[in-house]
Amino acid sequence: MPPPTPIEPKAVEAVTADVTTAEATPAGQPAPTGFRFRCIACGDLTDSAVQNFRCSRCGDLLEITNPNWSHAQGSSATAAADLKAIWKQRRASLSPVDLSGVWRFRELLPTLENLHHVITLREGNTPLYELPQCSRMVGLPHLFAKHQGMNPTGSFKDTGMTVAASFARQAGFRWVACASTGNTSASMAAYAARGGLRSLVLVPEGKISWSKLSQALDYGAVTCQLRTDFDGCLRLLQELVLRAPVYQLNSINPFRLEGQKTLAFELLEQLDWQPPDHIIVPGGNLGNSSAIGKALLEMHDLGLISRLPKLSIIQAEGANALVRTLREAGGKRLITVQAETAATAIRIGNPASWKKAIRVLQATGGACEQVSEVEIARAKAEIGAEGIGCEPASAVTLAGLKKFLKQGFVKPGESVVLVLTGHLLKDPGFTMEFHRGELFPSTPESDSAVSELQPLRRPPIVLDATLDAVIRTLEEQEKSNLHA
Ligand code: F0G
């Protein structure tokens, strides 16, 4: 087969109309308040970006800036109050963009030439739950979970995807593509289908949950299982987008991160703009932590919040590139790892957004920790027992919180929000193996942490179909509860 003909990478134009004038501005006219791309390393500012979303001068990642998002442009307490009022008002609207928990905050997002380009599944609008049992267990009276698993495709990815997919459609692309540990691909496939785009998924063979894979198939993506890991898939995608007219929807794409900022806007609105002391997120490719941190800094700068919560990142011990980068290289150069963890969503060893993540850790005074496989499984079962549930990668947040409490980084009177990034049903295999005792088979030699998981297990009970058998089971459960 001949090699593919190189195709000139297509530029993504950055200058668009301000949202308040979006519908009124004639197409093609640059608006006075457009956003720009800025390189995170050399600071170069441009109006367009090539398809790998890297700085054409130094090759580092780009972020999106807009002078309207900073205090320097003369924003005031009134402006902050006005924003809060507009966002609240839109909750009563029936327009699709207002029903989206992302586009409702569009003053702090890059704006499309026309809001009719928005591809939305009514993403965002996710609940903030109290965690009463976990609160008691760890001794923190103010412990909450912001459950991003309640998004349309079951993960936080939808909040970024609505923005980036809409820009892909506006730029005239026919194909979108991503490398994924499963959630990005599920989300991308759904938004592409809604927007009339074709989608190409690159996932590591055998290393993602069937639930996530099945979503991509059902939403009509061309799904390739590559014989490599996530990092290998992402490397290949970066080359592909420079050779073919395919728009990449990984979190290297700064439009994704802009959409993911809205988690923080919505959270603060739910807390009546009273910042919590801590926000804790899982870290994989490190896009989400970067996005939340960017939002916190912008909100602080604009006077929407009076102080910054500390934003902290938790990784699995087997996928701890950021932890090692901070501990062993002082955050100066990335230490990559060969990632291995049952929390497959964060099985990533070469995180693309590591510099952005370090910047927000430093700016907010957050910390970075790692947790073991057993700690993840325990925390996941504890969140499940609240009647909420999440996927393994999300549970690192509770496991990390316990470590922070022991270290004194989180103090007993402080308020904490855990970001649960994915729905329980994203990885039923993990949950079944845990409850059946197959995840960490208990052997005489296995350590005490594993045997301490036993009381959390609720394996299914196989019985004869008789009333007696069921009543006996009820009585046994009641007795063991009394003794617990
Ligand atoms: N939690 C879940 C459930 C995820 O799916 C991911 C990432 C993360 C946390 C980590 O977020 O990469 O922004 O630091 N999943 C990506 C994917 C990589 O392809 O679905 P991050």
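In case you missed it, the structure is sitting above this.
Reference entry: report on the structure contained in this document. Only a predicted model underlies this, so the values are computations on that prediction, with no experimental measurement involved. (Residues numbered from 1 in each chain as written. Predicted model: local features only at pLDDT ≥ 70, side-chain atom pairs only at ≥ 80, totals over all residues. Heavy atoms only, no water.)

Right, let's talk about the overall build of the protein for a bit. A tally of helices and strands in the protein yields 17 helices and 15 strands. Radius of gyration (C-alpha) of the protein: 23 Å, near the 23 Å computed for a compact globule of 484 residues. With respect to the three principal axes, the spread of C-alpha positions in the protein is 75 × 65 × 50 Å. By the burial criterion, 56% of the 484 residues in the protein qualify as buried. As displayed, the protein has an accessible area near 20,600 Å², and 53% of this comes from carbon and sulfur atoms. For the protein, the distance from the average position of its 49 positive side-chain charges to the average position of its 48 negative side-chain charges is 4 Å. (Helix = DSSP H or I, 4+ residues; strand = E, 2+ residues; numbered from the N terminus. Rg over C-alpha atoms; globule rule 2.2 N^0.38 Å. Buried < 20%, exposed > 50% of the residue type's maximum accessible area, 1.4 Å probe, protein only. Areas by Shrake-Rupley, 256 points an atom, 1.4 Å probe, with all protein chains shown as cover. Lys, Arg positive; Asp, Glu negative; His and termini not counted. Charge placed at Lys NZ, Arg CZ, Asp CG, Glu CD.)

To continue, consider the environment of T421. Relative to the helices and strands, T421 resides in the loop between strand 15 (415–420) and helix 15 (428–435). Overall, the relative accessible area of 7% leaves T421 in the buried class. Within the structure, the side chain of T421 is placed 2.8 Å from the side chain of S394, a separation counted as a polar contact. (Polar contact = N/O pair within 3.5 Å; in protein donor to acceptor, adjacent residues only side chain to side chain.)

Within the element layout of this structure, S394 appears in helix 14 (residues 392–407). Ignoring any residue separated from it by four or fewer positions in sequence, one finds S394 in contact with P282, V419, L420, T421 and G422. (Contact = heavy atoms within 4.5 Å.)

So, about the sheet that holds strand 2 (residues 36–39). Ordered by their spatial adjacency, 3 strands build an open sheet running 3-2-5, and the pairing between neighbours is antiparallel. What marks the edges here is a single partner per strand, and that holds for strand 3 (45–46) and strand 5 (62–65). (Pairing = 2+ DSSP bridges.)

Next up on the list: the sheet that holds strand 14 (residues 368–371). In spatial order, the strands read 6-7-15-12-13-14; together these 6 strands make up an open sheet with mixed pairing. The open sheet has two edge strands with one neighbour each: strand 6 (128–130) and strand 14. Neighbour-to-neighbour, the strand axes of the sheet open up by a mean angle of 25 degrees, direction not taken into account. Direction of pairing for strand 12 (residues 278–282) relative to strand 15: parallel, over a ladder of 3 bridges. Bridge pairing links H278 to V416 in strand 15. (Axes fitted to C-alpha atoms, helices over the stretch in contact; angles between N-to-C directions.)

Moving on to the environment of E452. Mapped onto the elements of the fold, E452 is located in the loop between helix 16 (448–451) and helix 17 (467–483). Under the relative-accessibility criterion, E452 is labelled partly exposed at 45%. C-alpha of E452 to C-alpha of R378: the two residues are 74 residues apart in sequence and 8.9 Å apart in space.

Moving on to helix 9 (residues 262–270). With 8 of 9 residues buried, helix 9 is to be regarded as a mostly interior element. Along helix 9, the residues that are buried comprise T262, L263, A264, F265, E266, L267, L268 and E269. Note on helix 9: the residue one or two positions beyond its end, D272, has a positive phi of about 55 degrees.

The subject of this paragraph is the packing of aromatic side chains. Per the counting criterion, the structure on display carries 13 aromatic pairs. Ring geometry for F35 versus F255: centroids 5.8 Å apart, planes at 85 degrees, classification edge-to-face. Here F255 lies in helix 8 (residues 254–260) and F35 lies in the loop between strand 1 (12–13) and strand 2, a separation of 220 residues in the sequence. As far as burial versus exposure is concerned, F35 and F255 are alike and both buried. Seen in terms of ring centroids, F53 and F255 are 6.4 Å apart; in terms of plane orientation they differ by 75 degrees. Their pairing is edge-to-face. (Phe/Tyr/Trp six-rings, centres within 6.5 Å; stacked < 30°, edge-to-face > 60°.)

Unlike most non-glycine residues, W273 shows phi in positive territory, near 65 degrees. Position of W273 among the secondary structure elements: in the loop between helix 9 and strand 12. According to the relative accessible area criterion, W273 is buried, its value standing at 12%. For L286, which is not a glycine, the phi torsion comes out positive at approximately 75 degrees.

Along an α-helix, a turn takes 3.6 residues, which lines up residues three or four apart on a common side. The end-to-end C-alpha distance of helix 5 (residues 183–195), which contains 13 residues, comes to 18 Å, matching closely the 18 Å that a straight helix rising 1.5 Å per residue would cover. Most of helix 5 is tucked away: 11 of the 13 residues are buried. Among all positions in helix 5, only N183, T184, S185, A186, S187, M188, A189, A190, Y191, A192 and G195 are buried. Looking one or two places after helix 5, you find G196, whose phi comes out positive at around 75 degrees. (Expected span 1.5 Å × (residues − 1).)

A few words now on the nonpolar core. Among the nonpolar cores identified, the biggest contains 95 residues, and Y247, F255, M299 and L304 are the most heavily contacted of them. If you tally residues by element for this core, the top one is helix 4 (residues 157–170), at 6 residues. (Core = buried A, V, L, I, M, F, W, Y, C linked by side-chain atoms within 4.5 Å.)

Take the site of the ligand next. If you check the shell around the ligand, you find 20 residues, and the closest are S180, T181, N285, L286 and T421. One of the side-chain N or O atoms of N183 is found 2.8 Å from an oxygen atom in the ligand. N285 places a polar main-chain atom, nitrogen or oxygen, 2.7 Å from an oxygen atom of the ligand. With the chains in place, 99% of the 480 Å² that the ligand exposes on its own is no longer accessible. Mapped by element, the contributors of at least two residues to the shell around the ligand are helix 5 and helix 10 (287–301). Each residue belonging to the shell around the ligand can be placed in one class, and the counts come to 7 nonpolar, 11 polar and 2 charged. (Near = heavy atom within 4 Å. Nonpolar A, V, L, I, M, F, W, Y, C, P; charged D, E, K, R; others polar.)

Following both chains from N to C, one finds helix 9 and helix 10 inclined at 55 degrees, their axes separated by 7 Å at the closest point. As far as their axial angle goes, helix 10 and helix 9 are oblique. Along its contact with helix 9, which presents L263, A264, F265 and L268, the element helix 10 presents I292, A295, L296 and M299. Per-class residue counts for the contact of helix 9 with helix 10 are 8 nonpolar, no polar and no charged. (Parallel < 35°, antiparallel > 145°, perpendicular 65-115°, else oblique.)

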